Amino acid sequence: METVTLTIKNQPSLYLEADNISPDAFAGKSAENIAALHAYEGNTQTTLGDHFEISGKGGATATETRIIVNGDVSKVKYIGMKMTGGEIVVNGNPDMYVGAWMQGGKITVKGNVDAFAGTGMKGGEIVIDGDAGNYLGAAYRGDWRGMQGGKITVKGNAGSDIGTFMNGGEIVIGGDVDVHVATHAEGGKIVVKGNAKSRVGGQMVEGEIIVFGDIEVMMPGFIYRKDVDLEVDGISARFALYEGDIGERHRKRKGEVIYGKLYQKY
Amino acid sequence: MAEYIIKNGFVFDPVLGINGDKTDVAIKDGKFVETTQLANPKTIDATGMTVMAGAVDIHAHVAGPKVNTGRNFRPEDKLFNCTPRRGVERMQGGFSVPTTFKTGYDYARMGYTTVMEAAMPPLYARHTHEEIRDTPIIDQAAFPVFGNNWFVLEYLKNNEIENTASYIAWLLRATKGYAVKVVNPGGTEAWGWGLNCENIHDPVPFFDITPAQIVKGLIEANEYLGLPHSMHVHANNLGNPGNYTTTLDTFKLSEGIKPRGGWGRDQVMHHTHVQFHSYGGDNWGNFESKSPEIMDYVNSHDNITIDIGQVTLDETTTMTADGPFEHHLTELNHLKWANTDVELETGSGVVPYVYSPTIKVCAIQWAIGLELGLLAKDPMRVFITTDHPNAGPFIRYPRVIKWLMSQQSREEMLNGFKHSEKVIDATHLMGIDRELSLYEIAQMTRAGTAKALGLGHMYGSLKPGLEADVAVYDFNPEQEHAPDDIEKAFGNARHLFKTGMQIINEGEIVSNGNKRTLWVNARVNENPQVMRDVKEKFLRYYTVTQNNYEVAGHHYVPNPYVIEVDATQ
Ligand SMILES: [Zn+2]
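Here the residue numbers are simple positions, counted from 1 along each chain's written sequence. Chains and ligands are labelled sequentially in the order written, the chains with letters from A and the ligands with numbers from 1. Per-residue local features of the predicted model are confined to residues with pLDDT of at least 70, and side-chain atom pairs are confined, for both listing and counting, to 80 or more; whole-chain, interface and lining totals are unaffected and use all residues. Side-chain calculation: all heavy atoms of the structure are included, whereas hydrogens and water are not.

1. Things to note about the environment of Asn514 of chain B
Residues and elements named next belong to chain B.
Then, number 1: The numbering of helices and of strands both runs from the N terminus, where a helix is a DSSP run of H or I of at least 4 residues and a strand a run of E of at least 2. Positionally, Asn514 belongs in the loop between β22 (508-509) and β23 (517-523).
Then, number 2: Separated by 375 residues in the primary sequence, Asn514 and Asp139 place their C-alpha atoms 8.5 Å from one another.
Then, number 3: Should any heavy atoms of two residues lie within 4.5 Å, those residues are counted as being in contact. If sequence neighbours within four positions are ignored, Asn514 has contacts with Met501 and Asn559.
Then, number 4: The definition of a polar contact used here is a pair of N or O atoms within 3.5 Å, where within protein one atom must be able to donate a hydrogen and the other to accept one, and adjacent residues in sequence count solely through side-chain atom pairs. Reaching out from Asn514, the side chain makes a polar contact with the side chain of Asn559 at a distance of 3.3 Å.

2. Some thoughts on the UniProt feature "domain: Amidohydrolase" (unreviewed entry) in chain B
Then, number 1: According to UniProt, the positions carrying the feature "domain: Amidohydrolase" (unreviewed entry) are residues 42-485 of chain B.
Then, number 2: Structurally, residues 42-485 of chain B comprises 36% helix and 16% strand, and the distance from its first C-alpha atom to its last is 28 Å. UniProt positions are given in the numbering used here, feature names are shortened, and annotations may be inferred rather than shown by experiment.

3. Overview of the pairing of strand β16 (residues 338-342) of chain B
Then, number 1: By this definition, two strands are paired if DSSP reports at least two bridges between them. Sheet topology places β16 of chain B next to strand β17 (residues 346-354) of chain B; 5 bridges connect them, and they run antiparallel. Paired with Asn339 of chain B across the two strands is Gly349 of chain B, which belongs to β17 of chain B.

4. Here's the deal with a nonpolar patch on the surface
All names here are of chain B.
Then, number 1: In this analysis, a patch consists of residues with relative accessible area above 30% that form no salt bridge, clustered at 9 Å for like charges and at 5 Å for the nonpolar side chains Val, Leu, Ile, Met, Phe, Trp and Tyr. What sets the accessible areas is the Shrake-Rupley method with a 1.4 Å probe; for residues, cover comes only from the shown protein chains. Within this document, salt bridges are pairs made up of a side-chain nitrogen of Lys or Arg and a carboxyl oxygen of Asp or Glu, the two lying within 4 Å of each other. Residues Trp193, Leu195 and Phe206 make up a contiguous nonpolar surface patch of about 380 Å² in total accessible area.
Then, number 2: Mapped onto the secondary structure, Leu195 falls in the loop between α6 (187-191) and α7 (211-225).
Then, number 3: The class for Leu195 is partly exposed, based on a relative accessible area of 46%. Three labels apply to residues, based on accessible area from a 1.4 Å probe with only protein chains included: buried if under 20% of the type maximum, exposed if over 50%, partly exposed otherwise in between.

5. A look at the coordination of the zinc ion
All names here are of chain B.
Then, number 1: Coordinating donors are taken as N, O and S atoms within 2.8 Å of the metal, stretched to 3.2 Å for Na, K and Ca; because water is absent from the atoms, sites can appear incomplete. Listed as protein donors to the zinc ion are His59 (NE2), His61 (NE2) and Asp387 (OD); their distances from the metal cover 2.0 to 2.1 Å.
Then, number 2: The sequence pattern describing where the donors of the zinc ion fall on their chain is H-x1-H-x325-D. Taken together, the residues span a long stretch of sequence, with His61 in the loop between β6 (55-60) and α1 (65-73) and Asp387 in the loop between β18 (382-383) and α12 (397-405) at a distance of 326 residues.
Then, number 3: Residue classification places His61 among the buried residues on the basis of a relative accessible area of 4%.

6. Quick word on the nonpolar core
Then, number 1: The definition of a nonpolar core used throughout is a set of buried Ala, Val, Leu, Ile, Met, Phe, Trp, Tyr and Cys residues joined through side-chain atoms within 4.5 Å. One finds Tyr107, Tyr167, Tyr178, Leu218 and Trp366 of chain B to be the most contacted residues of the largest nonpolar core, which totals 149 residues.
Then, number 2: If one sorts the elements of this core by residue count, helix α11 (residues 360-374) of chain B sits on top with 10 residues.
Then, number 3: Setting aside anything within four residues of it in sequence, one finds Leu218 of chain B in contact with Phe146, Gly147, Val152, Leu156, Thr164, Ile168, Val180, Val182 and Met231 of chain B.
Then, number 4: Counting residues in each nonpolar core, the second largest holds 58 residues, with Leu37, Ala39, Ile88 and Val109 of chain A among its members.

7. Examining the interface of chain A and chain B
Then, number 1: Tallying the contact residues gives 10 residues for chain A and 11 residues for chain B.
Then, number 2: Once two parts are joined, some of their accessible surface, as seen by a 1.4 Å probe, is lost; buried area is that loss totalled over both. Contact between chain A and chain B buries roughly 910 Å² in total, counting both sides, with carbon and sulfur atoms accounting for 71%.
Then, number 3: Area buried by chain A at its contact with chain B is led by Tyr140, Trp144 and Arg249 of chain A, which between them contribute 50% of it.
Then, number 4: At the boundary of chain A and chain B, one finds 1 salt bridge.
Then, number 5: With a closest N to O distance of 2.7 Å, Arg145 of chain A and Glu315 of chain B form a salt bridge.
Then, number 6: Joining chain A to chain B, the criterion identifies 3 residue pairs in polar contact (both at pLDDT 80 or more).
Then, number 7: Each residue belonging to the side of chain A that touches chain B can be placed in one class, and the counts come to 4 nonpolar, 1 polar and 5 charged. The residue classification treats Ala, Val, Leu, Ile, Met, Phe, Trp, Tyr, Cys and Pro as nonpolar and Asp, Glu, Lys and Arg as charged. All others, Gly included, are polar.

Below you can see the structure in the form of structure tokens.
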């Protein structure tokens, strides 16, 4: 495993689109080659070297490459976009689209992330020590293919519209979430350890939502079925099981109608 | 204006009967001329390359409200495919519903210089023309839709051909339209009542008229006027297993009617995207190809032309004035759906669709389109389209050409399908060893389409006097080539001239051209009844006044090319 360290030296005056900060782009490259990789600031093409101090070198493949990003990256977007392996550690609060369309490897953010982290994610892992913004693990605007696989863990709170059009994978939120959880979901699992507000599971066809705290306003399309005992993340407890969204179409499996499942802890 | 000579290329021009001979092509003042008329031309060296007239697309959805709805509700169609401004090229984006600029550039890159927008809702003609205006390079025209229009339904119910013709003439002028388009005749109006017309004798609710009466009446009105193009129809029952009988019934409505107007076309009916209308079986399980039955009819009847509507096996955006069909589709794939009713005129729906090679039905649809092209006896009457973007984006034309020209490429596809055996069983493609020649491709993409549109006097050939629209492709017909070389060559014109202006030089777009909008001005005898009916419908029903309806002035059609038709006799 080789390590590349990026430390921001020149803040962009606009936002920096830096999808090249990924083990796939860095693999097999020296610090000098990495510095020459392009980025965009508005409609101007710049390089990573224009904005970052770069040391170390990439491993032979993405899997053998670790990237450490230091400094104030609150104006840097697309870190780890489409990465297939390796590791990124961000010591800061990156802007939007962290790990978007990620396929493998691991991203750890020792801070907060802005919106659209894990958009259309297919595999790998994202761990966020702080809070996440809106549209975490959601589909790209207009798309019906949201998060398909992998795992996102947020230790703090998350914003609205998490897991929109989710089809697979898992999102675990340590704190509270804003409105719209797993809207249109057709699979996958979302665990909220704190409280949820409203519109939880709207137009959900399939998949699971587990809420430990309160749900401020329950969707009218969810019906209480029964109480169940579950073990979630090492915690055993009794949950009320609701099924929905009954306003949506639902497929049948072995003669039984499949609903989205919403569990709420007593 | 500049003079050019395109030297030493292999020329394919079915109108002049030139089949790959090395001939020089001369351009002067925007037209083709004899080489002897040039004084000091710039030379384009086409040695080892294929030279054809600019291609003419007879049916695509490239401008107007439903195209723009597709763009608006599919931001994901632009994901990762936008390109910034470069040289003379503006910013571009989109795959199945590209921006207007990308539309113009992508057609030019394929050697296309004229494109017909196949369905213009008259009420939104202004929007359609604004998009056409913003599409660079290519000449365009738009077909207003008539098959569910209340005026037409009321006149034809009483078989009033002359009134229908007067109304058509008025609407073509009001909307700056080119031809009479019919989409699911009566069915879209029925959709306003939650119903459909599934065969040509299924009556339209309230109006008490059948699709057969609408289609036959519109053919007769079209020939009464003697318009450049024939009536252009998308028949009832599109996309359903067993629908080939409806298609044959629709074809038969053209029998016994002769083309008028002296435009050089032989057909009185153009049936579009016939692939969607050539299905056997009675459910998706026993779904099968009926292309031989369809092509038997087409081959033995001169007064019909068709385009194939080839499925390209891409993720695309379907859009049609066939409102009930789009509802059917969204029920099938559960993807987002846009639907609209266009007052007295038509309706429309838009749904994204993924034609997957792993789905048996999609693979059968793919085979049917190619069968239609390969079973064609007269390539001057059977044209290449993808009904863009319904069966696939137009940028796949080079790939469709490859499939039609290469049995090897077709068999690789057939053998590679997930349900290969079932697909081969349900279709006829595996047994067809025909490989179309470049001459036949030129017939299906320019000579034939120009003729069917009544534009043989402008486009489709390199004949002196015609518009100097010509493409040079980096393809040497005398050399060994892999199937993919065909696709590559037809997707990247080496040189392109539009009306004598160089648009592509050495593969680079160097000009945004001087695009024109064609429309038909049909002069008819005064018809006070129709004018009174128009006035009354606007007062009673339309949400806009007549003054806010008509397409007039430089803003909408800044560079018109008017084709005059005298129907006063
Ligand atoms: Zn069409």
